Amino acid sequence: MTIHLYNTLTRTKEAFIPLDDQRVTMYACGPTVYNYAHIGNARPAVIFDLLYRVLSRRFPKVIYARNITDVDDKINKAAAEQGVAIDVITRRFAEAYHQDMGALGVGRPTIEPRATDHIDQIITMIQALIDKHHAYEAEGHVLFDVERFPDYGQLSRRNKRELIAGARVDVAPYKKGPGDFVLWKPSTADQPGWDSPWGRGRPGWHIECSAMSAAHLGEVIDIHAGGQDLVFPHHENEIAQSRCAHGTEVFARYWMHNGFVTVEKRKMSKSQGNTLIVHELLKQWPGEVLRYVLLSAHYRQPLDWSQKVLEQAQATLDRLYGLLSELPEDTSDDTDPAVIDALEDDLNTPTALAALNGLARKLSEADSADQPKLGARLKASGRVLGLLQQDPAIWFEQRRKAIDVNESEIQALIDQRNQARKDRDFATADRIRDELGERGIELRDGPEGTTWEVAPR
RNA sequence: GGCUAGGUGGCAGAGUGGUUAUGCAGCGGCCUGCAAAGCCGUGUACCUCGGUUCGACUCCGGGCCUAGCCUCCA
């Protein structure tokens, strides 16, 4: 089956046919590193990491670039507030980003370009835009001239008149047109800056992605991805800059945008102050639970975050790991076609998870002779989704660490209870079990003896 | 105001012009000293009003409601 992807540019689901099937290129807008990532920031990281995996199964070479924006006024502000150098901030939070995303099972992209390493390319690109009369200099700024790019608004489906009518920002006096946006802006002595033909300054917000994508992937790329809120103005402006600088008809051939993570149905965003920080969530939940939740809704739909969905994801993973714990280790690559088909259909992760659960049901229904094979398939299918790769024992044990337990004390109580059971003193036995239960410990009397688990919350 | 997505069972969440989504919770059963876990079985659904159709939750139109973008934002 051909991979199908929903293209924001055409608002339809299309067959994915790369320009060069020996070299597929994708670019995702990565983090601006000035504080910890929230779970809404994690969504595109997880989704487009999954896309990279899905593409890599079909194409010999996929180059995935995800940038780090390390020059930005929010970074400057954070550095000033904390009284530290800018690179202290960017280094700290880039590292935290890698750690947190790693905990969610997000792999590293092929290339992770940083804006500050590409100032030369940015300046060259801006100069090209000026030379081609698509940009102009005004009061130390360089601005993109939207008027001279007729296709402006194509991605976000707006026309210029609407943009002007709807503009909620004061238009800077040096702009020729209200929709013009900054490519380069002057820096004061205390701000980070680089020498340029237009004086010491720093890049505007949008130009870095255009410059880095061209530098590493080429002037025309297959896929460009990011959050829905980047459609306008960020991606619209990237298209304008890139196409005008390179004289191309197309910048990215497929545009993909993920929906938002919401809290009580409201968009999670830093400005609304309702963010849930991944770093904090990881103190309470396994990264795999967070990942399962992020995969449980289709990427283009909103995903409402709550305690309840976390509990549901954990319960489901408990069951799946429980099934796997009965079976021998197997590292075969026998994936369930239903899982792959679902993912290749515009990353339909809910259907893929349904298929994964269907496989689990088949496994529990099967004769014990067939179970190892089905278990191997379950694990291999989970691998594509970035799930079920832990040793089941470790999955269950990690919860013991989350609550304060003294294992030998619990074992002593279990021994005491089993003696009581042997004596048919069930009142005592039940009292011990209830006491442990109140501490969040569940006992399981099996043929091999009594084991215990920390109960799911 | 302009533009864009949505409204599915107790909750989460896919999908389809006529046939079981799936998970979590609930209920019944097996198992158990009793439980838990596990396994088996099981119910309630497609915002509203019209239209198209042999037949619509699924297509078309109106309405109501929700969220998002138009400003930094994933």
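Structure first, text after, so check above.
Conventions used here
Residues numbered from 1 in each chain as written. Chains lettered and ligands numbered in written order. Predicted model: local features only at pLDDT ≥ 70, side-chain atom pairs only at ≥ 80, totals over all residues. Heavy atoms only, no water. Buried < 20%, exposed > 50% of the residue type's maximum accessible area, 1.4 Å probe, protein only. Helix = DSSP H or I, 4+ residues; strand = E, 2+ residues; numbered from the N terminus. Contact = heavy atoms within 4.5 Å. Pairing = 2+ DSSP bridges. Axes fitted to C-alpha atoms, helices over the stretch in contact; angles between N-to-C directions.

S.K.: Explain helix H6 (residues 207–216) to me, using residue names and the numbers behind them.
M.R.: Here H6 lies mainly inside the structure; seven of its ten residues are buried. Within H6, burial applies to Ile207, Glu208, Cys209, Ser210, Ala211, Met212 and Ser213. If you follow the buried residues of H6, they end up packed against strand S3 (24–28), helix H4 (119–131), strand S7 (181–186), strand S8 (201–203), strand S9 (221–227) and helix H7 (231–246). Taken from the residues just after H6, glycine 218 is the one with a positive phi, measuring 120°.

S.K.: Can you explain the sheet that holds strand S4 (residues 62–66)? Please cite residues and give values.
M.R.: The sheet built from four strands is open, its strands ordered S4-S3-S9-S10 with parallel pairing. Two strands bound the open sheet, and with one partner strand each, they are S4 and strand S10 (252–258). Taken over all neighbouring pairs, the strand axes of this sheet differ in orientation by 20° on average, direction set aside. Across three bridges, S3 lies against S9 in parallel orientation. By the bridge assignment for S9, alanine 28 is matched with alanine 225. Strands in contact with H7 are S9 and S10; relative to S9, the strand with the most contacts, it is inclined by about 160°.

S.K.: Run through the sheet that holds strand S12 (residues 266–267), naming residues and quoting values.
M.R.: Strand order in the open sheet formed by three strands is S12-S11-S13, with mixed pairing between adjacent strands. Here the strands that pair on one side only, and so sit at the sheet edges, are S12 and strand S13 (303–305). Relative to S13, strand S11 (residues 261–263) is paired through three bridges, and the arrangement is parallel. Residue pairing in the sheet places threonine 262 in a bridge with aspartate 304 of S13. On the sheet, helix H9 (residues 287–295) packs against S11 and S13 and is oriented at approximately 145° with respect to S13.

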